[in-house]
Amino acid sequence: MANVERPLSPHLQVYRWPVTMASSILHRATGVGLGIGTLLLTWWLVAAAAGPEYYAYVQMVLGSWLGRLVLFGFTWALFYHLLNGIRHLAWDAGYGYSLPVANRSAWLAIVGSVVLAVLAWIIAYAWK
Amino acid sequence: MSNPTKTMRTPLKKVRGLGAAKDGVQHWWIQRVTALALIPLALIMLVALLKLATGDHAAVAAAFRHPVFAIVALLAVLAVFWHFKLGAQVVIEDYVHSEGLKMASLLGVTFAVFVVGGIAALSVLKLFLGV
């Protein structure tokens, strides 16, 4: 690290947040969140493999209001990481770099993920 | 690069194309391959889990007994944990700067991925075989 006092470039707090910056940070944050959520899904899988009694217990925990809140957050994170991941794949293929397109696709991923998560849960509740 | 005789990079180094990380584009490429695989796999598993969430244990057991669903679930487990390993590695390399702690975290993530991923895969197999 530098041991001389150098002028620093403006840091996070003085920027007007461009939506592309938010979408990039969200991609990493949802990635970390999904990693933790995967532990929860593995627990559910283990419970299903263990048998009806333990499965019923895990279902009760995950079905509580807190469990549902976490699982809904997981669903949103999955849709966001999925949509924004498709943005990344498009960039890798050389498309979507112009500012208007990048801004629009960022908003699309943010708004789209919320819409899809809500829609998925409405369908899940209606589909018994 | 204007004067090719002055370059310090040997032809062998160039042809290997491995760069400073010594593994070339391997990490980047597998992250993309698993990402592409996860688009259909994650969507199928999400729909299945949202359906199974409101059912009982018998419904879950019956779903995993089907070979196609069991294979999709196994592939999803493989792709998810592989993709997670690559992503977590980048996050650790970005934020953990002390060499010892970084190495320990990277090893921890690698071992955890194999242990937890193995448990998930074994659970799918157990459900598929119905034992």
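Scroll up for the structure.
Residues numbered from 1 in each chain as written. Chains lettered and ligands numbered in written order. Predicted model: local features only at pLDDT ≥ 70, side-chain atom pairs only at ≥ 80, totals over all residues. Heavy atoms only, no water.

Participant: Outline a positive patch on the surface, supporting the account with residue identities and numerical values.
Facilitator: Residue and element names in this part refer to chain B. Side chains of Arg9, Lys13, Lys14, Arg16 and Lys22 sit close together on the surface and give a patch of like positive charge. Structurally, the position occupied by Arg16 is in helix α1 (residues 11-16). The class of Arg16 is exposed, set by a relative accessible area of 55%. (Patch = residues over 30% accessible without salt bridge, like charges linked within 9 Å, V, L, I, M, F, W, Y side chains within 5 Å. Areas by Shrake-Rupley, 256 points an atom, 1.4 Å probe, with all protein chains shown as cover. Salt bridge = Lys/Arg side-chain N within 4 Å of Asp/Glu carboxyl O. Lys, Arg positive; Asp, Glu negative; His and termini not counted. Charge placed at Lys NZ, Arg CZ, Asp CG, Glu CD. Helix = DSSP H or I, 4+ residues; strand = E, 2+ residues; numbered from the N terminus. Buried < 20%, exposed > 50% of the residue type's maximum accessible area, 1.4 Å probe, protein only.)

Participant: So, the environment of Val124(B): which residues are in play, and what are the values?
Facilitator: Position of Val124(B) relative to the elements: it lies in helix α5 (residues 99-129). Overall, the relative accessible area of 1% leaves Val124(B) in the buried class. Excluding residues that lie within four positions of it along the chain, Val124(B) makes contacts with Leu45(A), Phe64(B), Ala70(B), Ala73(B), Leu74(B) and Val77(B). (Contact = heavy atoms within 4.5 Å.)

Participant: Could you give an account of the interface of chain B and chain A, with specific residues and numbers?
Facilitator: Residue-level contacts link 35 residues of chain B with 28 residues of chain A. Across the interface of chain B and chain A, roughly 2600 Å² is buried in total on both sides, 75% from carbon and sulfur atoms. Scanning the region where chain B abuts chain A turns up 2 salt bridges. With a closest N to O distance of 2.6 Å, Asp92(A) and Arg32(B) form a salt bridge. Where chain B touches chain A, the interface holds 7 residue pairs in polar contact (both at pLDDT 80 or more). For the side of chain B that touches chain A, the secondary structure elements donating two or more residues are α2 (26-52), α3 (57-65), α4 (67-95) and α5 of chain B. The element that contributes the greatest number of residues to the side of chain B that touches chain A is α2(B), accounting for 13 residues. When its residues are assigned to classes, the side of chain B that touches chain A shows 25 nonpolar, 5 polar and 5 charged. (Buried area = accessible area lost by both parts, 1.4 Å probe. Polar contact = N/O pair within 3.5 Å; in protein donor to acceptor, adjacent residues only side chain to side chain. Nonpolar A, V, L, I, M, F, W, Y, C, P; charged D, E, K, R; others polar.)

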